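Next come the chains, spelled out residue by residue.
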Amino acid sequence: MTNLTFGASTTGSVQRRDWLKLMAVAGSAAGAAALPLPASAAAGPVWVPAEMPNPAPTLEGTVDVGGAKLWYWDTGGNGQPVIFMHAGSQSGAGWGYQQPVFAAAGYRAIGYSRRGYFRSESGNPQEPGAAFEDLNQLIEHLKLDKVHLVAIAHGAFFALDFALVYPHKLRSLTIASSYLGIADSEKDYLEANRRLRPKEFNALPVEVKELHPSYRAGNPEGVAAWVKLSKEASVGPRISAKRPHELTWERLESIKTPTLLMTGDGDLYTPPALLRMQASHMPHAEAVIVPEAGHCANWEQPAVFNRTVLAFLRRHAT
């Protein structure tokens, strides 16, 4: 066993009348003060950074998925396996706030980098493989039975593919801050996303696009650590993984795996309005909004993220 260094310290369909209740529950889970803030809050700190916990003992390895070897880490043990699937701006090394916490909670925590990301080979870009099949290869390699998937942003595209093809291998599915890769044939969703992100959006620095303004204003060290991990994440050509089919609303509605949908209240990719649209097509899913988080609640608000996901996993342990 080796110690893995992750980086620098630093139910139902949602009805309109129920959404305020959902927001209130999420705010309570965050321990955040209800707005407007009392006058005394002005004397408080701009931001209280979350200390990066020491990593749990971890076994590292690679798995040959055919055309490329993917790097993974694994805390081992007999607990139910939880596989973390990273965003497009990060890699398998970006789960430093989750790895030791989930291991300490009794789970077998596992993370990996997709093709072309940190410590994983790119392979031939002309033969990119299918990311959901790469995930299945990892599960088979580690001789896992049913798993929990915790996927953020782009990683959720492939978690959903996996849920459609291999539902019998899943205990639960957590999707955080992802616009899901819904097919352009779903015009309502396509137009909503176009209104959210005009062409000028792509020119913004990645930390502006993905980190909440409060986080950027109050935690420069955390921003620097996140940016460093982001720069280290991509190690080869961008791999456009094959998907088994277009993800339509109908296919999304067919997923019956217990699902948790999450987003930050300041997520520019998946704001609460878009989460409500997603939730309307996943009537079995739970939905949570994390206060003062952008696209990366697992990094910006790790205590809330971890507490929310762990509570969900405990409810779906069978």
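All values derive from a computational prediction rather than experimental measurement.

So, the overall build of the protein
Piece 1. Helix and strand counts for the protein come out as twelve helices and nine strands.
Piece 2. Relative to its full complement of 318 residues, the protein shows a buried share of 54%.
Piece 3. A total accessible area of about 14,200 Å² is found for the protein, and carbon and sulfur atoms account for 54% of it.

Digging into the pattern of salt bridges
Piece 1. For the coordinates displayed, the defined rule picks out eight salt bridges.
Piece 2. A salt bridge links K169 to E140; its shortest N-O distance comes to 2.7 Å. Taken together, the residues span a long stretch of sequence, with K169 in the loop between α4 (154-165) and β7 (170-176) and E140 in helix α3 (residues 131-141) at a distance of 29 residues.
Piece 3. Among the salt bridges present, the one from E232 reaches K228, with a minimum N-O distance of 2.6 Å. Remark: K228 and E232 occur in helix α8 (residues 220-233); sequence separation between them is four residues, near one turn of the helix.
Piece 4. Here K228 falls in the partly exposed class, since its relative accessible area comes to 48%.

Re the side chain of S89
Piece 1. Counting through the fold element by element, S89 comes out in the loop between β4 (81-85) and α2 (99-104).
Piece 2. A relative accessible area of 9% places S89 in the buried class.
Piece 3. Side-chain polar atoms of S89 contact the side chain of E210, separated by 2.8 Å.
Piece 4. Those residues in contact with S89, other than ones at most four positions away along the chain, are V206, E210, W226, S230 and A233.

What to know about α8
Piece 1. The terminal C-alpha atoms of α8 lie 20 Å apart, and with 14 residues this matches the ideal 20 Å at 1.5 Å per residue to within 8%.
Piece 2. When α8 is considered as a whole, its buried residues turn out to be G222, V223, A225, W226, V227, L229, S230 and A233.

Considering the confidence of the model for the protein
Piece 1. Scored by pLDDT, the protein comes out at a mean of 89, with 86% of its residues at no less than 70.
Piece 2. The low-confidence segment residues 1-35, where pLDDT is below 50, has 73 contacts with residues more than four positions distant or belonging to other chains.

Overview of the packing of α3 against α4
Piece 1. As a packed pair, α3 and α4 sit with axes 8 Å apart at the nearest point and diverge in direction by 70°. Classified by the angle their axes make, α3 and α4 are roughly perpendicular. Residues A131, F132, L135, N136 and I139 of α3 touch α4, and the partners they reach there are F158, D161, F162 and V165.
Piece 2. Of the residues assigned to the contact of α3 with α4, the class counts are seven nonpolar, one polar and one charged.

Digging into the packing of aromatic side chains
The geometry of an aromatic ring pair is captured by the separation of the ring centres together with the interplanar angle, meaning the angle of the planes.
Piece 1. Taken as a whole, this structure holds twelve aromatic pairs when the rule is applied.
Piece 2. With a centroid separation of 5.1 Å and 75° between ring planes, the pair formed by Y97 and W299 is classed as edge-to-face. You can see Y97 sitting in the loop between β4 and α2 and its partner W299 sitting in helix α11 (residues 297-300), a full 202 residues away along the chain. By the burial criterion, Y97 is buried, and W299 matches it.
Piece 3. Every member of this aromatic cluster is reached through a ring pair, and the members are F157, F158, Y179, F201 and Y269.
Piece 4. The ring of Y166 has K169 lying over it, and the distance from NZ or CZ to the ring centre is 4.9 Å.
Piece 5. Note that R197 overlies the ring of Y179, its terminal NZ or CZ placed 4.6 Å from the centroid.

Points about the packing of helix α5 (residues 187-196) against helix α10 (residues 272-279)
Piece 1. Orientation of α5 relative to α10, taken along the N-to-C sense of each, is 170°, at an axis distance of 11 Å. Looking at the two axes, α5 sits roughly antiparallel to α10. Of α10, the residues touching α5 (which contributes D188, Y189, A192, N193 and L196) are L274, M277 and Q278.
Piece 2. Class assignment of the residues belonging to the contact of α5 with α10 gives a composition of five nonpolar, two polar and one charged.

Quick word on the environment of H148
Piece 1. Mapped onto the fold, H148 is located in strand β6 (residues 147-152).
Piece 2. Residue H148 is classed as buried on the basis of its relative accessible area, which comes to 0%.
Piece 3. Considered as a pair, H148 and K169 are 21 residues apart in the sequence and their alpha carbons are 8.8 Å apart.
Piece 4. Residues contacting H148, with those up to four places away along its chain left out, are Q80, P81, V82, I83, Y107, R171, S172, L313 and H316.
Piece 5. Among the polar contacts made by the side chain of H148, one reaches the side chain of Q80 at a distance of 2.8 Å.

Let's talk about the environment of G218
Piece 1. Here G218 shows up in helix α7 (residues 213-218).
Piece 2. When the C-alpha atoms of G218 and V48 are compared, they prove to be 7.9 Å apart, with 170 residues separating the residues in sequence.
Piece 3. Beyond its immediate chain neighbours, meaning those up to four positions away, G218 contacts V46 and W47.

Describing the environment of W47
Piece 1. Here W47 is to be found in the loop between α1 (16-30) and β2 (57-64).
Piece 2. Separated by 168 residues in the primary sequence, W47 and Y215 place their C-alpha atoms 7.1 Å from one another.
Piece 3. Dropping the residues within four chain positions of it, W47 is found in contact with S214, Y215, G218, N219, E292, E300 and Q301.

Thresholds, definitions, all that
- Residues numbered from 1 in each chain as written.
- Predicted model: local features only at pLDDT ≥ 70, side-chain atom pairs only at ≥ 80, totals over all residues.
- Heavy atoms only, no water.
- Helix = DSSP H or I, 4+ residues; strand = E, 2+ residues; numbered from the N terminus.
- Buried < 20%, exposed > 50% of the residue type's maximum accessible area, 1.4 Å probe, protein only.
- Areas by Shrake-Rupley, 256 points an atom, 1.4 Å probe, with all protein chains shown as cover.
- Salt bridge = Lys/Arg side-chain N within 4 Å of Asp/Glu carboxyl O.
- Polar contact = N/O pair within 3.5 Å; in protein donor to acceptor, adjacent residues only side chain to side chain.
- Contact = heavy atoms within 4.5 Å.
- Expected span 1.5 Å × (residues − 1).
- pLDDT = per-residue confidence, 0-100.
- Axes fitted to C-alpha atoms, helices over the stretch in contact; angles between N-to-C directions.
- Parallel < 35°, antiparallel > 145°, perpendicular 65-115°, else oblique.
- Nonpolar A, V, L, I, M, F, W, Y, C, P; charged D, E, K, R; others polar.
- Phe/Tyr/Trp six-rings, centres within 6.5 Å; stacked < 30°, edge-to-face > 60°.
- Lys NZ or Arg CZ within 6 Å of the ring centre and 35° of its normal.

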